[in-house]
Structure formats: structure tokens, C-alpha cells
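Topology and contacts: notes
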Number of protein chains: 4
Amino acid sequence: MKSVIVDHSLAEAGTRRIDWARTNMPIVVGLADEFRQSRPFENLRIGICLHVEAKTGVWIEALVAGGAEVFITGSPGSTQDDTAAALADMDNVHVFARSDETFDDHLLHCEYVLQSSPDLIADNGADLHHLIYSRDSYRHLGEALIGATEETTTGTTRLRESIKCRDFPTLSINDTLTKRIVENRFGVGSSVIDGLMRATNVMLHGKNVVVIGYGYCGAGVAQRLRGMGAHVTVAERDPLTLLEAHLEGFRTSALEECVSAAQIVITVTGYDDILKREHFEMMRTGVIVANAGHFASEIDVPALEDLSVSKREIRDEITEYSLPGERKLFLVSEGNLVNLSAGDGNPIEIMDLGLALQSLSLRYLARDAESLQNGVQPVPRDVERFVAERAVAHWIK
Amino acid sequence: MKSVIVDHSLAEAGTRRIDWARTNMPIVVGLADEFRQSRPFENLRIGICLHVEAKTGVWIEALVAGGAEVFITGSPGSTQDDTAAALADMDNVHVFARSDETFDDHLLHCEYVLQSSPDLIADNGADLHHLIYSRDSYRHLGEALIGATEETTTGTTRLRESIKCRDFPTLSINDTLTKRIVENRFGVGSSVIDGLMRATNVMLHGKNVVVIGYGYCGAGVAQRLRGMGAHVTVAERDPLTLLEAHLEGFRTSALEECVSAAQIVITVTGYDDILKREHFEMMRTGVIVANAGHFASEIDVPALEDLSVSKREIRDEITEYSLPGERKLFLVSEGNLVNLSAGDGNPIEIMDLGLALQSLSLRYLARDAESLQNGVQPVPRDVERFVAERAVAHWIK
Amino acid sequence: MKSVIVDHSLAEAGTRRIDWARTNMPIVVGLADEFRQSRPFENLRIGICLHVEAKTGVWIEALVAGGAEVFITGSPGSTQDDTAAALADMDNVHVFARSDETFDDHLLHCEYVLQSSPDLIADNGADLHHLIYSRDSYRHLGEALIGATEETTTGTTRLRESIKCRDFPTLSINDTLTKRIVENRFGVGSSVIDGLMRATNVMLHGKNVVVIGYGYCGAGVAQRLRGMGAHVTVAERDPLTLLEAHLEGFRTSALEECVSAAQIVITVTGYDDILKREHFEMMRTGVIVANAGHFASEIDVPALEDLSVSKREIRDEITEYSLPGERKLFLVSEGNLVNLSAGDGNPIEIMDLGLALQSLSLRYLARDAESLQNGVQPVPRDVERFVAERAVAHWIK
Amino acid sequence: MKSVIVDHSLAEAGTRRIDWARTNMPIVVGLADEFRQSRPFENLRIGICLHVEAKTGVWIEALVAGGAEVFITGSPGSTQDDTAAALADMDNVHVFARSDETFDDHLLHCEYVLQSSPDLIADNGADLHHLIYSRDSYRHLGEALIGATEETTTGTTRLRESIKCRDFPTLSINDTLTKRIVENRFGVGSSVIDGLMRATNVMLHGKNVVVIGYGYCGAGVAQRLRGMGAHVTVAERDPLTLLEAHLEGFRTSALEECVSAAQIVITVTGYDDILKREHFEMMRTGVIVANAGHFASEIDVPALEDLSVSKREIRDEITEYSLPGERKLFLVSEGNLVNLSAGDGNPIEIMDLGLALQSLSLRYLARDAESLQNGVQPVPRDVERFVAERAVAHWIK
């Protein structure tokens with residue numbers, strides 16, 4: 001099947017992007033070298049729904065090196081057209097992704113992937129799984145599939161709770177300790193600093209920053225902010241977690257008490273509407289508000305809009321809200337994830353580790369799927385340990 | 001029953017010790033105030049085997065305030081005679097503990113405790129449990145007891161594996177996340193610095209220190225050493241834990257590769273014979289070696305003795321071993337826990353939290369033992385959460 | 001005189017930029033409020049050569065609030081046309097600056113500034129001073145001028161060594177301890193992190209980073225890198241400074257010994273050709289090389305070009321050099337200052353402090369120039385202390 | 001002349017002490033090796049007034065190795081009788097020091113030193129200089145002496161302001177940048193942690209600690225406390241220094257505002273009566289107060305005594321003051337330097353560096369005194385640089 005992309009002439013720019021990513025993805029590159037010998041995906045078709053961007057490109061190379069024929073669609077909004085063009089030029093790769101696609105286009109592209117009759121699926125947000133279980137025309141794939149992976153926590157929840165996937169094993173990539181520690185504590189910790197500095201150009205040294213939530217992500221964010229000289233106060237509901245933050249040397253406080261003195265407020269909780277009208281009313285003028293949690297909904301933006309006298313874009317990625325009492329509040333990236341929207345997302349190496357987990361999970365399925373039960377489940381511990389060992393081998397020198 | 005102690009005239013000195021401890025134990029003091037009102041131990045006898053030292057004294061006060069009559073023996077080697085004298089002067093407290101007691105004396109003192117027909121037991125290393133299950137004369141206590149607590153991991157293991165305690169519920173204090181995080185990461189982290197500085201008077205700034213093991217304790221030790229300006233290298237076998245240390249900013253290395261350049265080596269692994277002859281042979285002259293793990297056996301001292309040409313005490317808590325090739329190795333506290341032997345052990349506040357867990361576990365048993373099954377089990381989550389909330393209330397101001 | 005700018009219709013975008021800067025420049029804004037009352041520049045013309053960008057705009061507002069008529073030209077290459085348009089719309093402000101100007105245009109614009117017969121001059125790189133002392137037509141200004149300021153170290157050196165400015169006092173802004181500590185240690189420290197993350201999207205956690213130079217800037221860079229989880233090695237020639245880095249907890253090493261293991265190398269020395277052919281030959285493949293020192297010349301780029309087999313732009317701000325032996329070296333921003341070229345330069349607050357020094361130096365000249373001798377000299381200590389007090393008042397809350 | 005010491009039989013214990021010190025004093029040991037060859041003190045008598053303790057012993061060995069005959073007295077209160085006995089056993093060493101000596105004994109011992117007709121003097125607090133300039137019988141020594149060193153800042157001040165020493169050059173050891181950075185920032189920083197933990201056994205993690213003064217010593221103390229997990233607030237009067245603390249990530253505050261919330265307060269200012277009655281009145285119950293500044297007078301202890309209802313020793317090195325309103329205040333070491341009184345003073349390596357400065361200053365005098373003017377002056381820069389280079393050579397491995 002022919003690729004569906006914006007412009008084939010962008011391939012060279014895409015190749016350069018992929019080259020830069022490859023330079024910093026030693027784990028997946030190392031796996032590609034092994035796959036080239038062992039050919040774990042010989043004669044297998046892999047259907048993929050994942051962001052069509054440079055790091056994904058390096059991973060596709062590894063799958064193809066392992067003998068796979070790959071059919072990939074992207075995730076709405078994240079497609080890099082040059083990367084898509086570069087991928088479309090590769091042998092055994094079929095790309096259905098355009099940066100300008102509508103949601104209907106996206107569904108159509110997902111169907112193209114499924115029409116390839118894949119043996120393995122790598123899904124993102126359970127979009128492919130959903131089609132299989134909701135459209136009669138793809139229902140037969142459930143039986144035919146060797147297995148699948150799911151990249152996101154959202155997708156895993158959807159598979160468990162609504163789709164109730166049951167005909168083949170699906171390995172949940174995000175449920176690994178490796179990913180939680182490495183990606184959440186270290187990846188998110190540093191990419192939030194990147195996004196925040198880029199969006200604002202303000203100094204972090206000496207700033208009163210309130211970090212709401214001290215889970216893996218929140219702890220990482222708090223530690224990096226401290227590493228940049230900020231004065232961090234942690235707001236957290238769980239008493240033991242709060243104690244941990246306190247003993248780690250962070251000021252801690254109930255949100256209601258610290259939010260009025262904050263110069264920067266960052267939500268990292270995983271819950272909705274953590275910052276509400278009552279908080280906006282307390283904040284001092286000039287405060288910068290950003291979200292680094294799972295969803296855009298941690299900040300109640302509608303309530304903020306409602307409270308505001310007026311708003312305007314004062315700088316790329318920064319909306320100025322004029323509040324009653326001559327106060328200004330600056331919202332970063334409209335409440336979307338500050339590290340993704342205002343920065344480049346997690347560092348390349350973090351994606352290297354995540355895509356290595358993907359690679360080895362797919363290999364595990366290709367080799368040993370019959371040893372697994374059907375339905376959603378964690379990545380086998382052996383796979384996780386193997387990836388950690390690879391990261392050790394490549395990162396520690 | 002009359003107390004068995006060294007010298008009643010030491011009571012005043014003991015009272016001062018207890019006063020200092022009390023000053024820094026707000027959680028247990030707060031519980032004592034509540035117990036004085038609610039009297040959870042009214043008409044109950046509590047038999048205790050625990051270190052007879054000042055912090056224990058503050059805890060005893062809380063139990064007595066709650067209506068208990070207390071019978072306590074110590075742990076061989078840790079009894080403070082002045083604290084014992086101060087406790088013996090209190091109403092409703094019976095003490096059987098001497099700093100000069102032999103192991104046979106210790107067993108006899110444990111029997112005195114059991115002869116009081118306790119309703120509740122707070123045990124340390126399972127010594128009281130052992131007597132109940134090994135001596136016919138105390139066997140009847142198993143049925144009579146409301147329940148018990150066990151302070152140590154060693155004791156919990158013994159109860160599970162050899163004693164197979166089964167007639168009443170025993171709550172395992174050390175199995176709580178609260179204790180693991182607070183005591184291991186923060187308590188041990190700081191007390192090791194204390195012990196090391198006290199034993200050696202050497203500068204930590206700029207020193208090459210190898211920390212072996214990066215569990216809760218090891219991570220705490222590594223972080224505090226870094227906080228004191230040391231150049232820390234972590235040696236750790238588990239790849240994911242190693243990765244965590246690496247990303248936290250620590251150099252990491254296989255033990256064999258880093259031990260020869262170390263100026264200080266600290267074991268914190270929980271395993272035996274981590275430092276062996278082969279390592280001693282590689283170490284450079286002047287190296288300081290200490291253990292902060294669970295047991296004195298992490299360093300293979302017999303192998304060191306065997307390898308040495310001669311040894312001498314060169315400073316309190318430091319043995320100088322002369323090794324072949326004109327090299328000197330300095331062992332701290334004969335390989336015993338450096339924070340306990342060369343320092344004062346964990347900070348008072350850490351014990352406050354641990355003894356608050358004891359207090360509330362005993363109260364839980366007194367009130368709700370029938371809701372528990374028999375045998376060893378974790379402290380109920382409610383108790384743990386309650387203690388964390390108390391620590392939050394008292395520590396965070 | 002009419003302004004010379006690119007496009008008046010850009011004023012609105014420029015106003016937004018200035019608004020964002022103003023939000024984060026409380027010191028200069030506070031001074032503007034005072035100047036509005038005290039009118040220190042009543043009836044004075046101030047001729048300025050400085051980057052025509054948003055932060056400068058906020059400063060111009062303060063001068064005008066103080067009664068000044070301002071004539072400003074930019075520095076070649078840094079003019080923001082929208083900011084220029086916004087400034088040109090203000091009363092009492094005359095702007096001669098275009099982003100597309102040649103060096104000859106720049107000189108002409110400097111002449112326009114001098115043709116306004118300024119009473120005070122704020123210079124950058126001594127361009128205005130140079131014209132006064134080299135062109136007969138402006139020579140009379142030397143006598144007429146009350147005094148001047150010079151923003152840069154380069155300009156100060158030029159004034160001292162070649163121009164030998166002598167007819168009026170010139171205050172050297174960059175020679176203050178306040179600026180050295182605040183701008184160099186903290187400003188540069190954090191903006192280098194910003195530039196590096198933005199240019200590369202690589203992870204700093206666990207990376208082997210060599211920082212060459214441990215002066216105010218280098219120490220700041222090293223500390224922030226450590227704060228981001230990097231493994232920093234410092235290379236420094238002065239033994240006492242080296243000792244300081246070592247005791248601060250940084251690995252230190254001779255450049256020749258550490259450069260071959262580095263994953264990232266950053267020069268921050270103030271000297272030329274610190275990284276030379278011999279170093280490029282030792283570096284491992286994949287190394288990222290950047291400069292954060294005073295001049296682009298710290299890295300010997302011609303030698304690198306000479307050594308390379310080929311080169312290409314692999315990503316914005318990153319040049320890939322293919323070296324003999326299949327090695328790749330990645331140079332950031334062609335060796336220009338990584339914080340300025342790949343990032344937004346120092347945080348806004350840092351510029352606030354620097355422009356407050358400018359404002360108060362000009363006020364000092366307007367009020368008390370007769371108390372000063374002629375020629376280049378430090379900013380009076382009272383001015384410096386006053387600025388520090390203002391920073392304390394605005395930053396510490 | 002025969003030594004005057006307490007007990008010659010203590011020599012073996014003293015030898016062990018010196019052995020431990022020597023192990024950690026590579027710089028002075030290295031100089032001893034060189035002196036053994038070059039014999040810079042051949043036929044010279046060196047009169048010394050300095051603490052007679054183990055580290056001084058190692059230094060004496062170096063002087064004797066260089067050919068000197070040494071006559072040493074101690075400083076009242078700091079003499080280790082076992083070290084004195086070990087030194088008295090050495091060839092060419094004469095010791096006049098007893099731990100039980102009165103101030104009159106001390107003066108007599110100083111006279112014994114002068115009666116040896118020394119060629120060089122190493123003084124402490126200017127006691128030897130004072131005798132030379134105040135007693136006619138020693139006045140002739142002024143002419144005969146080649147030169148002298150003075151260890152302390154107090155002594156240097158006394159020499160400059162009251163004694164007005166003028167007949168020979170005296171090098172002021174404490175006036176070096178090396179000593180200021182290494183000893184004050186790093187030495188004092190870590191020894192204060194040692195003293196504080198030892199005196200109190202309290203947890204530093206999460207504690208509200210107010211550090212008063214942010215000079216070299218104060219900054220060191222604040223950084224180490226943070227490294228141990230404390231929540232540090234800095235109180236400092238100079239605005240630029242305050243700004244530095246703020247940007248370094250420390251909370252800062254006026255003393256009056258932060259002292260009431262403090263759990264621990266440490267003075268490190270160099271000024272008298274920093275903590276006064278008004279502060280004691282504000283402090284919360286349980287507060288621990290310590291001094292790490294130059295003199296015992298930073299805390300106004302008489303005012304504290306005056307305010308108190310009663311006091312008692314509650315623990316070694318801790319006095320409990322009962323204040324009005326049922327409040328308790330705990331003063332460490334009666335307001336004396338917490339690192340010296342409650343701990344072992346600065347780490348051995350710090351003394352190694354200081355005594356290396358002494359050794360090389362004396363060698364400089366022996367070789368090049370004629371190149372120096374008479375009177376108090378800084379250590380020559382060459383000497384300082386040489387010591388820094390030695391520290392680099394021995395410490396950085």
C-alpha cells in the first residue's frame with residue numbers, strides 16, 4: 001500500500017532529524033544491530049499507531065532491521081511531515097500520517113494500518129484496539145494477532161475498563177518500574193525545566209515556586225527546580241509523601257497557604273481541577289502557572305476564563321489573564337503539558353529507553369506469545385531487566 | 001515485683017537523659033497526653049523487651065499515662081544504668097536490666113517479664129516470643145495474650161520462619177513504609193555521617209567515597225555524603241537501582257573497578273562478605289572502611305585479619321591493619337554499624353516516629369485485636385497513616 | 001529627528017514583547033516610578049547605543065519617565081524590528097535601528113545619535129566614544145558631555161587601552177561585584193542550561209560533562225549542570241580555584257585526561273583556543289561541544305574544520321563534523337555563546353539588575369558628575385549598593 | 001632544657017594519636033620528606049606557641065626533619081598530655097605544656113621558649129611577641145630574630161594595633177585566600193555539622209535552621225546544613241551577600257522575622273551580641289542555639305542568664321535555660337565555638353593545609369627574610385600558591 005504523507009520532497013530534512021535522534025539512541029541502535037542478525041520479526045507485519053517523529057523513526061529502523069514490514073500511522077497533532085517523508089522512503093515501511101489530518105483522517109489512517117493484516121500491533125491510546133473491537137470488519141484480527149503493546153497509561157486504562165481486550169496478549173509499556181523511575185522522575189523533571197525556561201525566559205534562581213504533587217514526576221520536578229536555585233514549596237495530600245518531601249529538604253505547605261506567595265505554580269498531580277477559582281483569586285499579580293501532570297485538566301482553565309476581565313497572548317506559549325484587582329496571571333501553554341508544548345518533550349535518551357521496551361516487548365510477543373495469557377498485562381520482568389541492563393551498558397561510561 | 005538494676009542513685013542522671021529525649025519526641029509526648037485522657041491500657045500489663053535507654057523511657061511514660069503497668073527488660077549490651085534507675089523510680093514500672101548482664105541474665109530478666117502475666121507484649125528480636133513457645137511454663141501465655149509487637153526485621157523473620165508464632169496477632173513494626181523511608185533513607189543517612197566524622201575527624205569534602213548498595217539506606221548514605229562535599233561512587237548489582245543512582249548524578253562502577261581508588265569504603269547492602277580478601281588486596285594505603293548495613297558481617301573481618309601482618313587500635317573505634325606492601329587499612333568499629341558504634345545511632349526524632357508506631361500498634365491491639373488474625377502481620381495501614389499524620393503535624397512548622 | 005526603523009506597523013507586537021519584559025523587571029519599573037516624581041533627567045538628552053530589544057525598551061521608558069529625550073541606536077545583529085517600532089511610537093524617543101542594517105548603516109546610526117548633541121551617553125562596546133575621539137565633527141562633544149556609561153568589558157578595555165577617553169567620566173557597568181556575582185554565576189549558569197537543552201534535546205542526567213574554567217561563570221555553569229543531574233568534571237589551571245571546585249564536590253582533572261571520556265564539553269574560560277586540534281583528536285564519537293565563555297574564540301573552529309572530513313547542519317544550532325576514524329563531533333552554535341545563540345540569553349531579571357545599574361549610573365552622572373574625575377572608572381559603590389538593596393526589596397518575598 | 005609535661009608514661013598513647021594524624025596529613029608529611037633532604041632549618045632554633053595536640057606533633061616532626069631544634073609551649077586549655085609526652089621523647093624537641101596549667105604557668109612556659117634564644121618564632125595569639133615587646137629581658141630578641149609567623153586573626157590584629165611589632169617580619173598565616181576558602185568555607189562548614197550532631201543527636205532533616213551571617217564560614221555552614229536536609233534560612237545584613245544567599249536557593253529573612261520560627265539558630269558573624277535578649281524572648285520553646293563564629297561573644301549569654309528562671313546541664317555540652325512562659329532554650333557549649341567544643345574541630349586535612357602554610361612560611365623566612373620588610377604582613381603569594389599546588393597534588397586523585 002502506498003504511503004499517505006504531505007510531501008515526499010521533505011525526506012532529506014526528515015533524514016537529518018532521524019540522524020540526530022539516532023546519535024542519542026544507543027539502546028535502540030544496539031538492538032537494531034542484534035535484530036539484523038537474529039531477525040526476530042522475519043515475515044511479520046507490525047501495525048503501529050505512534051507519534052510520527054524522529055525518535056519513532058529510529059525505532060522503525062530497528063523493527064525493519066529485524067525483518068518486519070511496518071505500517072504506521074501517527075497521533076493527531078504530533079506528525080512531523082519531514083520525518084514521515086523520510087520513513088516513506090524506506091523499504092518495508094508504509095506511512096499514513098499528515099500533520100494537517102483531521103480526527104476522521106486519523107481514523108481512516110488507523111484503518112489503513114489494520115487493512116495490512118498485521119501480526120503484531122503497537123498501539124497508542126488504544127486507537128487500533130478500539131477499531132478491532134468496535135468494527136465488525138476488523139473483528140477477525142483479534143484472533144489472528146500474535147499480540148500487541150500499548151504505550152500509554154490512558155490506553156491501558158481504556159483497554160482494561162471499556163474495550164476489555166481479551167483475544168490476544170497486550171503488554172502495557174507504561175506500567176514498568178523502569179519507565180516510571182527513569183521517565184517520570186528524571187525525564188519529566190528535566191524537560192519541565194526546559195519548557196519553563198523556554199516559555200518564559202525568567203530566572204528560576206530565588207523564585208518562590210509551588211510544586212503541587214510529589215509523586216515520581218512531582219519529586220523530579222521539585223528536585224530539578226531546586227537544582228536550578230529555585231525556592232520550592234511542595235503541596236501534597238498524602239501524609240507519608242509529604243513527610244518524604246519535608247525530610248528531603250523541601251518546604252511543604254497546604255496549597256491554600258502557599259499559593260498566595262507563589263511566583264510560579266506547577267501542577268503535577270494526575271488529578272483534575274487542582275487549581276481552581278479559589279486559588280486564582282488568591283494568587284499574586286505576575287504569577288506564572290503551568291501544568292506538568294498527565295492531563296491538561298489539572299488547571300481549571302474555564303474557571304480562569306470566567307474569572308478574567310480580559311486575556312491576550314503576551315508571548316508565544318503564554319496567555320496573560322487580567323484578573324479583578326489589577327492582577328495579572330500568566331498561563332503557560334493554555335494549561336497543556338509545559339514540557340511537551342513549550343519544550344521538546346522528554347530528552348531523546350528517555351525515549352530511547354521507552355522504545356527499547358517497545359522493541360523487546362514486540363520481540364517477546366513474536367517469540368513467546370503463547371506463554372502469555374490474553375488481555376492487558378505488564379511487560380515481563382525479564383524484558384524490563386534486560387532493558388535496564390542495556391541502559392546501564394550504554395549510559396554508564 | 002522489685003526492679004533489678006545496677007544502682008538506684010543514678011536516677012537523677014537518667015532523668016536528665018530522658019528529659020533531653022522528651023524534648024525532641026513530640027509525637028510520643030503528644031500521644032501520652034491523649035492516652036492520659038483516653039486510658040487505652042487501663043488495667044493492662046505490658047511486657048517489654050527493648051533497649052533500656054532514654055528514648056524508650058519517654059515511650060514508657062506514654063504507656064503508663066495510658067493506664068498500663070509496665071515490665072521491661074533490655075537488650076544485652078545497650079542498657080543505660082542511669083535510665084534504668086530513673087525508670088525504676090516511676091510508678092507502675094518494673095525494670096530488669098543491667099549494663100553488666102550476661103546472656104543468661106538476659107534470659108532470666110525476660111522470664112521476669114513473662115512472670116508478670118502480661119496482656120500485651122512489645123518484643124525485640126523475638127526473645128519473649130521464643131520463651132513462650134519454647135518453655136512449657138510460659139506456653140499458657142500464648143492463649144492469654146491479647147497481642148504483641150515486634151520491633152526488628154530479624155525478629156519478624158524469626159517469628160515467621162522458626163518460632164511460627166500462631167496463637168495471637170503480632171504486628172511487625174519494621175515492615176512499614178513509613179519506617180523504611182524515614183528511618184532508612186533519612187535516619188541512617190545522617191547518622192552514618194555523624195559516626196564517620198566522629199570516628200575519624202577526617203574531611204569528607206573532596207574524598208573519594210565508595211558506597212556499596214543503593215537501597216533505601218544506601219541511597220540515604222550516598223546523598224548525605226554528597227551533601228557533605230564527598231565524591232561518591234555507588235557500587236550496586238541491580239541494574240535498575242544502578243541506573244537510578246547514575247541518573248541521580250552519582251558515579252557508578254563495579255566494585256572491583258572503584259575499590260582501588262577509594263579513600264573511604266562503606267558497605268550498606270544487607271548481605272554478608274561484600275568486602276572480601278580480594279578487595280582488601282586492591283585497596284590503597286590509608287583507606288578507611290566502615291559498615292552501615294544490617295549486620296557486622298558485610299565486611300569479612302576474619303579474612304582481613306588473616307591477610308594482615310599486624311593490627312592495633314590507633315584511635316577509638318579505629319583499628320589499623322598493616323597489610324602486605326606497606327599498606328595500612330583502617331577499619332571503623334570492627335565492622336559493626338558505624339552509626340551505632342561510633343555515633344549515637346539514629347536521631348532522636350527517628351526513634352520518636354518508631355516508638356509512636358509501637359504506641360499506636362499496642363493501642364490498636366488493646367482495642368481491636370479481635371479484628372486481626374493470629375500470627376505475624378503488618379501494622380494496620382490506618383495506624384501507619386495516623387503516625388505519618390502525626391509526624392506531619394509535629395515536624396512541619 | 002525622525003526614527004529610522006523597518007516597519008511602523010510592527011509596533012503592536014513590540015508592545016507585547018515589552019509588556020512581558022516589564023512584568024519581570026520590577027527594579028527598573030520601580031525606578032521609573034521614582035524618576036517620574038524626581039525627574040533626574042529633566043531637559044537632558046541621552047544618546048544610547050544598546051541592543052534594541054524588549055528589555056532595553058523597559059529601560060528607555062524609565063529614562064523618559066525621568067524627563068529625558070532619548071536617541072537610541074542598536075548593536076548590529078540584535079535589533080528586534082517590532083520593539084524598535086514600539087519605541088519609535090513613544091514620545092521623546094528617537095530610534096535608528098534596523099535588523100537588516102550593515103555595519104556602515106550602524107555607524108551612520110551612531111552618528112545620528114551623536115548629532116542630537118547628547119548630554120549623557122550610554123555606550124556599548126565604546127562605539128559612540130570611538131566616533132567622538134576619531135571624527136573631528138564630534139570632537140566637541142567630549143567637552144559638552146556630562147558623562148557616559150559603558151555596558152561591556154570589551155568596551156571598557158577599548159576605552160582604557162586604545163581610545164583613552166579623558167574629557168568626561170565614563171562609568172564601567174560590567175566592573176561591579178553585583179553584576180559579576182549575579183549575572184555571571186547565576187545568570188550565565190542558568191541560561192547555559194537553557195541553551196544546551198534547547199539546542200540538543202539531550203538528557204543531562206548522568207552525562208559526563210567537562211566544564212573548562214571555574215571562574216564566576218564556570219562555577220555557575222558547573223553547579224547548574226550538577227543540579228540537573230550531570231556528572232561534572234572541572235578542568236581549571238589555577239591551583240586554588242581547582243581546589244575550590246574539588247572541595248565543592250566536583251571531579252577535577254587536567255583537560256588532556258578528561259576530554260576523551262566527555263559526552264559534553266563546555267568552555268567557560270575567557271581565553272582563546274582552549275579546545276584545540278589535539279583535543280578534538282582525543283574526543284569520543286558523539287561528543288557535544290559548546291562555548292559559554294566571553295568570546296567565540298575559545299574553541300579553535302578553524303582547526304576543527306581543518307581536521308574534519310565533512311560537516312553538515314544536523315539540527316538547528318548544531319553542526320555535525322565527521323572526523324577521521326568514523327567519529328562525529330557536534331558543535332553547538334558554531335562556537336558562539338550557547339546561552340545567547342541557542343537560548344534567550346540571560347533571564348529577564350538579570351537584565352533588570354544590569355539596567356538598574358545603568359539607570360542609577362546615569363542619574364549619578366546627571367546629579368554628581370562634578371564629583372567624579374574624568375576617564376573610565378568603576379560605578380560608585382553607593383550606586384552598586386543601592387541596586388543590591390533594590391534587588392533585595394523586589395526579589396526576596 | 002628539660003621538658004615540662006604531666007607524665008612521660010603517656011608517650012605511647014600520644015604516639016598513636018600522632019600516627020593517626022600523620023595518616024591524614026600528606027602535605028606536611030611530604031614537606032618533611034623534602035626538608036629531610038634540603039635541611040632548611042639546619043642550626044636554627046624555632047620557638048613555638050601553638051596547641052600541643054596530635055596535628056601539631058606531625059608538623060614538629062617536619063621542622064625537626066628540616067634540621068630545627070624546637071621549643072614549644074601550648075595554648076591554655078588545649079594541651080593533650082599524651083601528645084606532649086610523645087613529643088618530649090623526640091630528639092631536638094623541648095616541650096613546656098601541661099593540660100592543668102594556669103595562665104601564669106602558661107606565661108612561664110612562654111618564657112622558657114624565649115629563653116632558648118630562638119631564631120624563628122611561630123606564635124599563636126601573639127603571646128610570644130607580647131613578651132618580647134613588654135619584658136626588658138626579652139627585648140633583645142627583637143633584633144636577633146630572623147622572623148616569625150602568627151597563626152590567628154586575633155594575634156594579627158594585636159600585633160598591628162597594640163604590640164606594633166616592628167623589628168622583624170611576621171607573616172600572618174590566617175590572612176591567606178587559601179586558608180579563608182578552604183578552612184572557612186569547607187572546614188568550618190563540615191565541623192559545625194559534626195559538633196551539632198554530636199552535641200544534640202537531633203535530626204537535621206527538615207529542621208528550620210537559621211544561620212546568621214553568610215560570609216565564607218556562614219556560607220559553608222548553610223551549604224552543609226542544606227546538604228544534610230535542613231531547611232535553612234539565612235539572616236545577613238549586607239545586601240549583596242544577602243542576594244547571593246537568596247540566589248543560591250536559601251530563604252533569607254531579617255533576623256527579627258525568622259528567629260521566632262527557628263528550631264536551631266547558629267551565629268557565624270564575627271560580631272558581638274548578635275543574639276540578644278529581644279531574640280531570646282521571641283524564640284519558641286525547644287530551640288537549640290549555637291555559635292560557630294569567631295568568638296564566644298556572638299551570643300549574649302549574660303542576657304540569657306538574666307532572662308532565665310533557671311538553668312541546668314541537660315546533656316554534655318547542652319545547657320537548658322528555662323525562660324518565662326514555660327519555654328526552654330538549649331544553648332550548646334555555653335556559646336563557645338560548637339565545632340571546637342562539641343566536636344573535634346576542623347578536619348585533620350584542613351590543619352594539614354594550615355600547617356603546610358606555617359612550614360613554608362618558616363622556610364621562606366629562613367631563606368629569604370632579608371627580602372621582606374619588618375612588621376606584620378601577608379604570607380608571600382608564592383608560598384600560598386605552592387601550598388595550593390601541594391593540596392591539589394595530594395587531595396585530588
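Residues numbered from 1 in each chain as written. Chains lettered and ligands numbered in written order. Predicted model: local features only at pLDDT ≥ 70, side-chain atom pairs only at ≥ 80, totals over all residues. Heavy atoms only, no water.

Within chain A, the secondary structure is distributed over 18 helices and 15 strands. The C-alpha atoms of chain A give 22 Å as radius of gyration, which agrees with the globular expectation for 397 residues (21 Å, within 12%). Put simply, 68% of the contacts in chain A that link residues at least 6 apart link residues at least 24 apart. Here chain A has roughly 13,900 Å² of accessible surface; of this, 46% comes from carbon and sulfur atoms. Distance from the positive charge centre (38 side chains) to the negative charge centre (58 side chains) of chain A: 4 Å. (Helix = DSSP H or I, 4+ residues; strand = E, 2+ residues; numbered from the N terminus. Rg over C-alpha atoms; globule rule 2.2 N^0.38 Å. Contact = heavy atoms within 4.5 Å. Areas by Shrake-Rupley, 256 points an atom, 1.4 Å probe, with all protein chains shown as cover. Lys, Arg positive; Asp, Glu negative; His and termini not counted. Charge placed at Lys NZ, Arg CZ, Asp CG, Glu CD.)

Bringing the interface of chain C and chain D into the picture now. Counting residues at the interface gives 27 residues for chain C, matched by 27 residues for chain D. If you look at where chain C meets chain D, you find 8 salt bridges. The closest approach of N and O atoms between Arg224(C) and Glu248(D), which form a salt bridge, is 3.6 Å. Along the contact surface separating chain C from chain D lie 4 residue pairs in polar contact (both at pLDDT 80 or more). Elements with a minimum of two residues in the side of chain C that touches chain D: helix H10 (177–200), helix H11 (216–227), helix H12 (239–247) and helix H18 (381–395) of chain C. A breakdown of the residues in the side of chain C that touches chain D according to their chemical character gives 15 nonpolar, 4 polar and 8 charged. (Salt bridge = Lys/Arg side-chain N within 4 Å of Asp/Glu carboxyl O. Polar contact = N/O pair within 3.5 Å; in protein donor to acceptor, adjacent residues only side chain to side chain. Nonpolar A, V, L, I, M, F, W, Y, C, P; charged D, E, K, R; others polar.)

The next thing to look at is the environment of Leu159(B). Residue and element names in this part refer to chain B. Of note, Leu 159 is situated in helix H9 (residues 153–163). Through-space distance from the C-alpha of Leu 159 to that of His 129 is 7.8 Å; in sequence the pair is 30 residues apart. Aside from chain neighbours lying at most four places away, what touches Leu 159 is Ala 126, His 129, Glu 150, Lys 164, Cys 165, Thr 170 and Val 376.

What follows is about the sheet that holds strand S12 (residues 310–315) of chain C. The strands that make up a sheet are held in pairs by hydrogen bonds between backbone atoms, and each pair lies either parallel or antiparallel. All names here are of chain C. What the 8 strands build is an open sheet, ordered S9-S8-S7-S10-S11-S14-S13-S12; its pairing is mixed. The open sheet has two edge strands with one neighbour each: strand S9 (251–252) and S12. Relative to strand S14 (residues 327–332), strand S13 (residues 318–323) runs antiparallel, the two sharing 6 bridges. Its bridge partner lying in S14, Glu 320 is registered against Phe 330. (Pairing = 2+ DSSP bridges.)

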